[in-house]
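Take a look at the letters that make up each chain.
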2 protein chains.
Amino acid sequence: MDFNQGLPQVDLPSNMIHLGLGQPSSHLLPSKEMEKAAAHSLSRDDRSLLAYGEEQGNTNFRETLAEFLTSQYPNRVDPKQLLITNGNSQALDFICTLFAHPGDTVLVEEPSYFLALKIFADHKLNLVGIPVDDNGLVTDVLKERLETLTPAFLYTIPTFHNPASVTLSLKRREELVKICTQKNLLVVADEVYQLLNYSNDSVPSMGTWNNICPVISLGSFSKILAPGLRLGWMHTSPALVKKMTRSGLLTSGGGFNPFTSEIVNSAIHLGFLTTHIQKLKTVYRQRIEIFCDYLREYLPDQAVFKVPEGGYFIWVRFPDGIDTNIFRKAARKQNVDFHPGSLFSYRKELKNYMRLSFAFYDDKILAEGARRLGKVISNKLSKLHG
Amino acid sequence: MDFNQGLPQVDLPSNMIHLGLGQPSSHLLPSKEMEKAAAHSLSRDDRSLLAYGEEQGNTNFRETLAEFLTSQYPNRVDPKQLLITNGNSQALDFICTLFAHPGDTVLVEEPSYFLALKIFADHKLNLVGIPVDDNGLVTDVLKERLETLTPAFLYTIPTFHNPASVTLSLKRREELVKICTQKNLLVVADEVYQLLNYSNDSVPSMGTWNNICPVISLGSFSKILAPGLRLGWMHTSPALVKKMTRSGLLTSGGGFNPFTSEIVNSAIHLGFLTTHIQKLKTVYRQRIEIFCDYLREYLPDQAVFKVPEGGYFIWVRFPDGIDTNIFRKAARKQNVDFHPGSLFSYRKELKNYMRLSFAFYDDKILAEGARRLGKVISNKLSKLHG
């Protein structure tokens, strides 16, 4: 059996269960729906999707997306506040080019999304961390840092954090908006998991405050439809939209993805996006329940974690002094793997953590993965203590 | 009559004939073919086009593209030498991030593609020009400049230059390769018009020399299929491919456009790309003949130009001392426009030139445009001399 079919980007042995993978199961990719959506949009002989598009993204797609987001968010989203992107990685790269210079300081969370840290490194930015607790980014520390620092921007993952799985509380959001408005600090909020909410509680996206605070909320179809589309959006103020549409990249190439936008436009109109998000929530809720049960059964008691309420990740903490990297060699031998905590730290700390995800594998494989991982860790820990 | 239907990116009055526009006519966009290609690729239930793709672009698409390019080029192209992009503007932006630092010198041609200059400005690069003559970039001047300068790279448009419409001769290409190999200077060759050749003569793409010289040849589907696809490629050495696939942007987001790549893969397999290029050549050849006839009829004798042998552009030269910007106000009043020469100069010179294109409008509209433009210019010149 090949556990890893349908992973073009990652090359894994067929029997390896890589619990670090942060991408949707291949069988959850809406292949039939995208076929129908493409037929729907391309049969209309509308050539605008083949021409250089509006820099901001074509108006009809922004209207559809604004309506969709308004149906999901507590506040109305205006098409003027949207700029269509090639997904959050491209959006981040673009923001670094336009809003930062090499050597500038950028504030990141400790922990943060490890590949965002790599994009910042390519732009030669200097990273300074702000801790995250159970209520998200610790705004008091941010305030303190801003007494001496003038960063180019703050990069935050406010909802269902990657990897920490925490959500910035409403109170902290308001505090963050207050601080950043006062200091005129650009907030780049990576909200790729905002719509993958498995509980009934929800907090407004950071884009909500775009009229008072310099904030860019990054959204993406990667986690709610398909990563291969390379399609996402920024939700921000019309003034910041204008600054970005004047860039050389957008003036030269036109909108970032007019062809795929129009196909996704059809997918939204045909109701596929709403149905697909419902389906994902049902599947992921069930996986979380089963996977967490197995983790509790197989992981030693020293390993603690919170059950995620949204997003993709479980952030497992071990006692101070344990470096989860020491489990990896043995784990790989047993055909199981994970992402060590140090990967998510701009200064290679947080060694006593690991990131696990339930997004790629089905229940049974997750159970087997938990069993393999638990065995490796228990063995290693008993040797350490023996 | 609306002359400007199907221009999402540019907002023009319906009676305006903007002879500066460098994009294909709306009715030349292969809408039916893309519908069939999408149905072909999406009906196979291959989910790899919806997943995060290989950083370099998915193997099956690179194989198809390599085979296609091999059929068009004098030398074999290997899939290992290709990296799939979101088109040349994105490719240029990506190269600036990875291969240059703000403040670095980049060599550009004088004239050069005006929106590339804007992308370089966004990256805060310092531009130095190398002149272009009838045989393309003047390599002797390049050699001289390199005695004192150490640029991050050279940006050149070797074939059917935008805007100058000249082509770098084979002798000069060999000279360029020799100089850049010796100096280890990266050549970024924008070869978006390479396959739009209206004569029987052809010169090898700069990518041909990737095994001896540090060169990245940029190709795109924008001019040979449709700009809205936002799909292109780099043809370069496997070593440079590797450097780029290790970037944060590609590691995070995966390949730049797996979904659209797979649809274009079908378009190539179904023979649509080859047929479409043939069609474009037939249409453009005819337009050039008619448009040049009208330009000769209506433009005053002081205006000289060469008939293009490929690409999109006619580069019209006026006597020294004439600034073509002085024609623009009157031209716009008569509902005709063009791109003034200074736009294409990194130091706002070349004022006595203008760029015209035959890519967007049909014969009759081009004829009317030539008539309007000729009248405006003749009037203005007779006033100046009267």
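None of the values given here were measured: they were computed from a predicted structure. (Residues numbered from 1 in each chain as written. Chains lettered and ligands numbered in written order. Predicted model: local features only at pLDDT ≥ 70, side-chain atom pairs only at ≥ 80, totals over all residues. Heavy atoms only, no water.)

Peer 1: Looking at this model, I keep getting lost on the overall build of chain A. Mind explaining?
Peer 2: Counting secondary structure elements, chain A contains 12 helices and 13 strands. For chain A, the C-alpha radius of gyration of 21 Å lies close to 21 Å, the compact-globule estimate for 386 residues. Dimensions along the principal axes, computed over C-alpha positions, put chain A at roughly 65 × 55 × 35 Å. Contacts spanning at least 24 positions in sequence make up 74% of the contacts within chain A whose residues lie at least 6 apart. Total accessible area on chain A is roughly 14,400 Å²; 47% of this is exposed by carbon and sulfur atoms. (Helix = DSSP H or I, 4+ residues; strand = E, 2+ residues; numbered from the N terminus. Rg over C-alpha atoms; globule rule 2.2 N^0.38 Å. Contact = heavy atoms within 4.5 Å. Areas by Shrake-Rupley, 256 points an atom, 1.4 Å probe, with all protein chains shown as cover.)

Peer 1: Looking at this structure, how should I read the interface of chain A and chain B?
Peer 2: Taken together, the contacts link 67 residues of chain A with 67 residues of chain B. Contact with chain B buries area across many residues of chain A, yet Gln9, Leu50 and Tyr52 of chain A alone supply 16% of it, more than any other trio. Here chain A is connected to chain B by zero salt bridges. Those elements that provide at least two residues to the side of chain A that touches chain B are α1 (31-42), α3 (88-99), α4 (114-122), α8 (248-253) and α9 (258-269) of chain A. (Buried area = accessible area lost by both parts, 1.4 Å probe. Salt bridge = Lys/Arg side-chain N within 4 Å of Asp/Glu carboxyl O.)

Peer 1: Which parts of the structure should I look at to understand the relation of the copies chain A and chain B?
Peer 2: Look at the two chain copies: a rotation about an axis and a shift along it is all it takes to match them. Mapping chain A onto chain B calls for a screw motion: a turn of 180° about the axis and a shift of 0.0 Å along it, with 0.0 Å RMSD after fitting. On this basis, the relationship between the two copies can be described by a two-fold rotation axis. A symmetric contact is evident, with 100% of the interface residues of chain A recurring at the interface of chain B. (Least-squares fit on C-alpha atoms with pLDDT ≥ 70 in both.)

Peer 1: How do you make sense of the packing of helix α2 (residues 59-72) of chain A against α9 of chain A when you look at a structure like this?
Peer 2: Packed helix pairs are characterised by how far apart their axes lie and by the angle those axes make with each other. Residues and elements named next belong to chain A. Closest axis-to-axis distance for the α2/α9 pair is 10 Å, and the angle between their directions is 40°. Between α2 and α9, the crossing angle belongs to the class labelled oblique. The handedness of the crossing between α2 and α9 is left-handed. Here Asn60, Phe61, Thr64 and Phe68 of α2 lie close against α9, whose contacting residues are Ser261, Glu262, Val264, Asn265, Ile268 and His269. Grouping the constituent residues of the contact of α2 with α9 by class yields four nonpolar, five polar and one charged. (Axes fitted to C-alpha atoms, helices over the stretch in contact; angles between N-to-C directions. Parallel < 35°, antiparallel > 145°, perpendicular 65-115°, else oblique. Left-handed = near helix turned anticlockwise from the far one by under 90°. Nonpolar A, V, L, I, M, F, W, Y, C, P; charged D, E, K, R; others polar.)

Peer 1: Whenever I open this one, the nonpolar core confuses me. Can you help?
Peer 2: Nonpolar side chains in soluble globular proteins tend to be buried together. One finds Phe221, Leu229 and Leu356 of chain A together with Phe221, Leu229, Leu356 and Tyr361 of chain B to be the most contacted residues of the largest nonpolar core, which totals 153 residues. Apart from the residues within four sequence positions on either side, Leu356 of chain B is in contact with Leu19, Phe291, Leu295, Tyr312, Phe313, Ile314, Val316, Phe338 and Leu373 of chain B. Core analysis: the next-biggest nonpolar cluster, separate from the first, contains 42 residues, Ile95, Tyr113, Ile157 and Leu240 of chain A among them. (Core = buried A, V, L, I, M, F, W, Y, C linked by side-chain atoms within 4.5 Å. Buried < 20%, exposed > 50% of the residue type's maximum accessible area, 1.4 Å probe, protein only.)

Peer 1: Would you take a moment to explain the pattern of salt bridges for this structure?
Peer 2: Where charged atoms from two side chains of opposite charge come close, those side chains can pair. All chains considered together, the criterion is met by 32 salt bridges over all chains. Linked through salt bridges whose partners overlap, the residues forming this network are Glu110, Arg347 and Glu349 of chain A.

Peer 1: Explain a positive patch on the surface to me, please; I cannot follow it from the model alone.
Peer 2: Among the surface-exposed residues, Lys329, Lys333, Lys380 and Lys383 of chain A lie close enough to one another that they form a single positively charged patch. Looking at the positive patch, the elements with two or more residues in it are α11 (328-333) and α12 (363-385) of chain A. (Patch = residues over 30% accessible without salt bridge, like charges linked within 9 Å, V, L, I, M, F, W, Y side chains within 5 Å. Lys, Arg positive; Asp, Glu negative; His and termini not counted. Charge placed at Lys NZ, Arg CZ, Asp CG, Glu CD.)

Peer 1: What am I meant to see in the packing of helix α10 (residues 272-298) of chain B against helix α12 (residues 363-385) of chain B here?
Peer 2: All names here are of chain B. As a packed pair, α10 and α12 sit with axes 9 Å apart at the nearest point and diverge in direction by 20°. Our classification of the angle between α10 and α12 gives roughly parallel. Note on packing geometry: the crossing formed by α10 with α12 is right-handed. Contacts from Gln286, Arg287, Ile290, Phe291, Tyr294, Leu295 and Tyr298 of α10 reach α12 at Asp363, Leu366, Ala367, Ala370, Arg371, Gly374 and Ser378. When the residues that make up the contact of α10 with α12 are grouped by side-chain class, the tally is eight nonpolar, three polar and three charged.

Peer 1: Would you explain the environment of Asn88 of chain B in this entry?
Peer 2: Residues and elements named next belong to chain B. Residue placement: Asn88 occurs in helix α3 (residues 88-99). Along the sequence, Asn88 and Ser222 sit 134 residues apart, while their C-alpha atoms lie 8.7 Å from each other. Those residues in contact with Asn88, other than ones at most four positions away along the chain, are Asp190, Glu191, Val192, Leu218, Gly219 and Ser220.

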